[in-house]
Amino acid sequence: GLLSRICPSARRTFASAISPSTSVTTGSILGSQPAVRIADAAGNTVTSSAATVTAGVSNGFTLAGSTTATAVNGVATFTNLALQGVGTATLTFTSGSLSNTSAPVNVLQLVATLLRVVSGDAQTGVVGRALAQAFVIEALSDGGEPVPGVPIAFAIQGGGGSLSVADAVTDASGHAATTLTLGTV
């Protein structure tokens, strides 16, 4: 649906031509990108407007992508906005004294569905010494996006030894790592 129009002056208003997606996974580009229409007091699109519109987001969220768009024929269309955070976000649009807000956007956490070995597999080394390469695991979503914050438990299956980290959490790139020092058995 269209966003409500506000009228800070009798001359120009903002209205939404296209509302953003109502749900998105954190870090992903909005499937439906917002477009903001510059209208006159009667609600007609001001086709001569080339106003620059800036997108923002409510506290607790980060807005990524190109956050400014220049109106063409009175409509400023955003092309690659993405939201980071988890919960309900509200986009804001401003140009000079004009402003408007979007309907709520539900921002969902990525879920890891696949663990992939990045490096460290099939190494050989000297008994009692650390292997040259760390074991690195990557947590990925169904869409192949790296998932941060996933707990990973590393364990030695046989042969003894010790791990630099037994319990890790994936970083911003979805990676968790440990180094194995070979046992003497």
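Remember, predicted model here, so these are calculated numbers, not experimental data.

Definitions and limits used
Residues numbered from 1 in each chain as written. Predicted model: local features only at pLDDT ≥ 70, side-chain atom pairs only at ≥ 80, totals over all residues. Heavy atoms only, no water. pLDDT = per-residue confidence, 0-100. Helix = DSSP H or I, 4+ residues; strand = E, 2+ residues; numbered from the N terminus. Contact = heavy atoms within 4.5 Å. Core = buried A, V, L, I, M, F, W, Y, C linked by side-chain atoms within 4.5 Å. Buried < 20%, exposed > 50% of the residue type's maximum accessible area, 1.4 Å probe, protein only. Polar contact = N/O pair within 3.5 Å; in protein donor to acceptor, adjacent residues only side chain to side chain. Salt bridge = Lys/Arg side-chain N within 4 Å of Asp/Glu carboxyl O. Phe/Tyr/Trp six-rings, centres within 6.5 Å; stacked < 30°, edge-to-face > 60°. Pairing = 2+ DSSP bridges. Axes fitted to C-alpha atoms, helices over the stretch in contact; angles between N-to-C directions.

A few points about the confidence of the model for the chain
Reasoning step 1: In this model, the chain carries a mean pLDDT of 86, and residues with pLDDT of at least 70 account for 91%.
Reasoning step 2: For the chain, per-element mean pLDDT is lowest for strand S1 (residues 13-18), which scores 66, and highest for strand S18 (residues 175-178), which scores 97.
Reasoning step 3: Below a pLDDT of 50 lies the segment residues 1-10, which in the model reaches 28 contacts outside its immediate sequence neighbourhood of four places, other chains included.

Re the nonpolar core
Reasoning step 1: In terms of nonpolar packing, the biggest core is built from 22 residues, with Phe14, Leu30, Val53, Phe78, Leu83, Phe93 and Val107 touching the most fellow members.
Reasoning step 2: Residue assignment for this core shows that the elements contributing at least two residues are strand S3 (35-39), strand S4 (52-57), strand S10 (91-95) and strand S12 (105-108).
Reasoning step 3: Beyond its immediate stretch of four places on either side in the chain, leucine 30 contacts Pro20, Ser21, Val24, Leu81, Ala82, Leu83, Leu91 and Val105.
Reasoning step 4: By size, the runner-up hydrophobic cluster in this structure holds nine residues, among which are Ile137, Val147, Phe154 and Ala176.

Looking at the side chain of threonine 170
Reasoning step 1: If you trace the backbone, threonine 170 turns up in the loop between strand S17 (167-169) and S18.
Reasoning step 2: From its side chain, threonine 170 meets the backbone nitrogen of valine 150 in a polar contact 2.8 Å long.
Reasoning step 3: Aside from chain neighbours lying at most four places away, what touches threonine 170 is Ala139, Val147, Pro148, Gly149, Val150, Ile152, His175 and Ala176.

Observations regarding the pattern of salt bridges
Reasoning step 1: Applying the stated criterion across every chain, the model contains one salt bridge.
Reasoning step 2: A salt bridge links glutamate 138 to arginine 116; its shortest N-O distance comes to 2.5 Å. Of this pair, glutamate 138 sits in strand S14 (residues 135-140) while arginine 116 is found in strand S13 (residues 114-119), placing the two residues 22 residues apart along the sequence.
Reasoning step 3: Relative accessible area serves as the criterion here: at 10%, glutamate 138 is assigned to the buried category.

Some points on the packing of aromatic side chains
Reasoning step 1: Inspection of the entire model under this criterion finds one aromatic pair.
Reasoning step 2: Note on phenylalanine 78 and phenylalanine 93: the rings are 5.6 Å apart at their centroids and 45 degrees apart in plane angle, and the pair reads as tilted. With phenylalanine 78 in the loop between strand S7 (75-77) and strand S8 (82-84) and phenylalanine 93 in strand S10, the pair connects residues that are 15 residues apart, well separated along the chain. Neither residue differs from the other here; phenylalanine 78 and phenylalanine 93 are each classed as buried.

Focus on the environment of leucine 115
Reasoning step 1: Note that leucine 115 resides in strand S13.
Reasoning step 2: A relative accessible area of 51% places leucine 115 in the exposed class.
Reasoning step 3: With residues near it in sequence (within four places) discarded, leucine 115 still touches Ile137, Glu138, Ala139 and Ile152.

Points about the sheet that holds S12
Reasoning step 1: Ordered by their spatial adjacency, three strands build an open sheet running S2-S12-S9, and the pairing between neighbours is mixed. A strand with exactly one partner marks an edge of an open sheet, and here the two such strands are strand S2 (23-25) and strand S9 (87-89). Between one strand axis and the next, the sheet turns by 30 degrees as a mean value, whatever way the strands run.
Reasoning step 2: As defined by bridge partners, S9 adjoins S12 across three bridges and the pair is classed as antiparallel. The residue of S12 that forms the bridge with glycine 87 is valine 107.

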